[in-house]
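Residues per chain, in single letters:
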Amino acid sequence: MSLSGVCVTAVESRPVGVAGASQSPSHRPFGARCKAFVALTKPRIIELLLITTVPVMFLAQQGVPDLKLVVLTCLGGYLSAGGANALNMYIDRDIDALMDRTSQRPLVTGMVSPRECLAFGLTLAVVSTLLFGLTVNWLSAWLSLGALLFYVVVYTMILKRRTAQNIVWGGIAGCMPVLIGWSSVTDSMSWAPVVLFLVMFFWTPPHYWPLSMKVKDDYARVGVPMLPVVASNKVVARQIVLYSWVMVAVSLTLTPLGYTGWFYTLVALVAGGWWLWEAHALQARAKAEVTGGKLKEMRLFHWSITYVSLLFVAVAVDPFLR
């Protein structure tokens, strides 16, 4: 269902933030520094992770979970994902300096030094693990730490610069909040979070590949073999369609397994159907060798965020309608 991995040589590391690195502490205002440290956590990405965490807590509780538990789980999740993102920026600071999309990140501009970023990321990793373990449960703590290590070590350090399958397997880290949400309530595992984990696993490539199609020149410049860099738009679109069909099919298994009812099923069918429409439309444009803005690859990227939001809202609402 996916292409075999393609190996490349990672770009040579070089000092980053050439202009920003010369800034003295007096030229880095406190407010701007605070915003820079927040930016290291990639808050917009974390918003999506929390969207998949909280609804699963409602499903696990079959109602409204304890508010304090929700707050602690979200805080722990934010700190853990933020630590992973900061460490990702520390490792990728060489290529971030060369890519238009990442040229304003704090390490590139010099607003945060590499040493500060490393210390910040490691501190968040430790604090988040202890927070989960001491206030939620240790199963959630280990799952959270596992997600962080997977993202930093397996994806960022091993896969990202070596194989076109980077986002396929690296996306596992982004699936873990589903398991964490369930375990925070039940201190155990079940088939429901496993199914939703798989939904997110198959969602990640067709979510990210359209964006990669848009910025593939950036990735090509730094030697990162995202699939759109090493394969034609036709091949990428075909992979998107294949993963999309599997994702929608998996999403519909929650109801036969007895975890959800008619409302979730209806939302999964309608939202999934619209996703498949957009995926096939993208494939049709790719087959017609449409390029540039007319390819409209970002339509599916933006819809993918709406899709996962709708699906997990349905996960949270469904227990109240059964």
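Every value quoted in this text rests on a predicted model; they were computed, and no experiment measured them.

*Asks:* Hey, could you run me through the state of the cysteines in this one?
*Replies:* Here a disulfide denotes a covalent bond joining the sulfur atom of one cysteine to the sulfur atom of another. All chains considered together, the criterion is met by 0 disulfides. Considering cysteine sulfurs only, cysteine 117 is the nearest to cysteine 34, which forms no disulfide, with 15 Å between them. Under the relative-accessibility criterion, cysteine 34 is labelled partly exposed at 35%.

*Asks:* What should I look at first to understand the nonpolar core in this one?
*Replies:* The nonpolar side chains of soluble globular proteins are, as a tendency, buried together. Formed by 89 residues in total, the largest nonpolar core has its most connected members in Leu196, Trp275, Tyr307 and Phe312. The greatest single-element share of this core, amounting to 13 residues, is contributed by helix α11 (residues 191-214). Counting 9 residues, the second largest nonpolar core, distinct from the first, contains Phe37, Met111, Val112 and Cys117.

*Asks:* Just checking my understanding: could you explain the confidence of the model for the protein for this structure?
*Replies:* As a note on interpretation, predicted positions should not be read in detail where pLDDT is low. A residue-level look at the protein finds 92% of positions with pLDDT of 70 or above and a mean pLDDT of 91. Note that pLDDT drops below 50 for residues 1-22; the model gives that stretch 53 contacts with residues more than four away or on any other chain.

*Asks:* I keep staring at the side chain of glutamate 278 and nothing clicks. Help me out?
*Replies:* Mapped onto the elements, glutamate 278 comes out in helix α15 (residues 262-287). With relative accessibility at 5%, the residue glutamate 278 sits in the buried group. Apart from residues lying up to four places away in sequence, glutamate 278 is in contact with Arg299 and Leu300.

*Asks:* Looking at this model, I keep getting lost on the side chain of arginine 161. Mind explaining?
*Replies:* Checked against the element boundaries, arginine 161 lands in the loop between α8 (138-159) and α9 (166-170). Under the relative-accessibility criterion, arginine 161 is labelled buried at 10%. Reaching out from arginine 161, the side chain makes a polar contact with the backbone oxygen of isoleucine 91 at a distance of 3.3 Å.

*Asks:* Just checking my understanding: could you explain the packing of aromatic side chains for this structure?
*Replies:* Within a pair of aromatic rings, the relevant descriptors are the distance that separates the centres and the angle that separates the planes. Applying the stated criterion to the full structure yields 12 aromatic pairs. Taking 6.1 Å as the distance between ring centres and 45 degrees as the angle between the ring planes, the aromatic pair formed by phenylalanine 202 and tyrosine 243 counts as tilted. One end of the pair, phenylalanine 202, is in helix α11; the other, tyrosine 243, is in helix α14 (residues 233-251), and 41 residues separate them in sequence. Here tyrosine 243 falls in the buried class, since its relative accessible area comes to 2%. On the numbers, 5.1 Å between centres and 65 degrees between planes, the contact of tryptophan 275 with tyrosine 307 is edge-to-face. Of this pair, tryptophan 275 sits in helix α15 while tyrosine 307 sits in helix α16 (residues 297-317), and the two are 32 residues apart along the sequence. You can call tyrosine 307 buried: its relative accessible area is 0%. Here the aromatic residues Trp169, Phe201, Phe202, Trp209 and Tyr243 are joined through ring pairs into a cluster of three or more. Just above the ring of tyrosine 90 sits the side chain of arginine 93; from NZ or CZ to the centre is 4.3 Å.

*Asks:* When you look at helix α4 (residues 67-91) in this model, what are you seeing that I'm missing?
*Replies:* What sets the pattern is the α-helix's 3.6 residues per turn: residues three or four places apart point alike. Compared with the 36 Å implied by 1.5 Å per residue over 25 residues, the 36 Å span of α4 between its first and last C-alpha is a close match. Its side-chain oxygen placed 3.3 Å from the backbone nitrogen of lysine 68, aspartate 66 serves as the N-cap of α4.

*Asks:* Just to check I follow, could you spell out the pattern of salt bridges for this structure?
*Replies:* One side chain can pair with another of opposite charge once the charged atoms of both are near each other. Taken as a whole, this structure holds 8 salt bridges when the rule is applied. In this structure, arginine 33 engages glutamate 116 in a salt bridge whose closest nitrogen and oxygen atoms are separated by 2.9 Å. Of the two residues, arginine 33 is situated in helix α2 (residues 30-40) and glutamate 116 in helix α7 (residues 114-135); the sequence distance between them amounts to 83 residues. Judged by its relative accessible area of 17%, arginine 33 falls in the buried class. Take glutamate 116: its relative accessible area is 25%, and that puts it in the partly exposed class.

*Asks:* Please clarify how a nonpolar patch on the surface should be interpreted in this entry.
*Replies:* Taken together, the side chains of Val64, Trp262, Leu266, Leu269, Val270, Val313, Val317, Phe320 and Leu321 define a hydrophobic patch exposed on the protein surface, amounting to about 860 Å² of accessible area. At the level of elements, α15 and α16 are the ones that each hand at least two residues to the nonpolar patch. Looking at the element boundaries, leucine 269 is found in helix α15. With a relative accessible area of 47%, leucine 269 lands in the partly exposed category.

Thresholds, definitions, all that
Residues numbered from 1 in each chain as written. Predicted model: local features only at pLDDT ≥ 70, side-chain atom pairs only at ≥ 80, totals over all residues. Heavy atoms only, no water. Disulfide = S-S within 2.5 Å. Buried < 20%, exposed > 50% of the residue type's maximum accessible area, 1.4 Å probe, protein only. Core = buried A, V, L, I, M, F, W, Y, C linked by side-chain atoms within 4.5 Å. Helix = DSSP H or I, 4+ residues; strand = E, 2+ residues; numbered from the N terminus. pLDDT = per-residue confidence, 0-100. Contact = heavy atoms within 4.5 Å. Polar contact = N/O pair within 3.5 Å; in protein donor to acceptor, adjacent residues only side chain to side chain. Phe/Tyr/Trp six-rings, centres within 6.5 Å; stacked < 30°, edge-to-face > 60°. Lys NZ or Arg CZ within 6 Å of the ring centre and 35° of its normal. Expected span 1.5 Å × (residues − 1). Salt bridge = Lys/Arg side-chain N within 4 Å of Asp/Glu carboxyl O. Patch = residues over 30% accessible without salt bridge, like charges linked within 9 Å, V, L, I, M, F, W, Y side chains within 5 Å. Areas by Shrake-Rupley, 256 points an atom, 1.4 Å probe, with all protein chains shown as cover.

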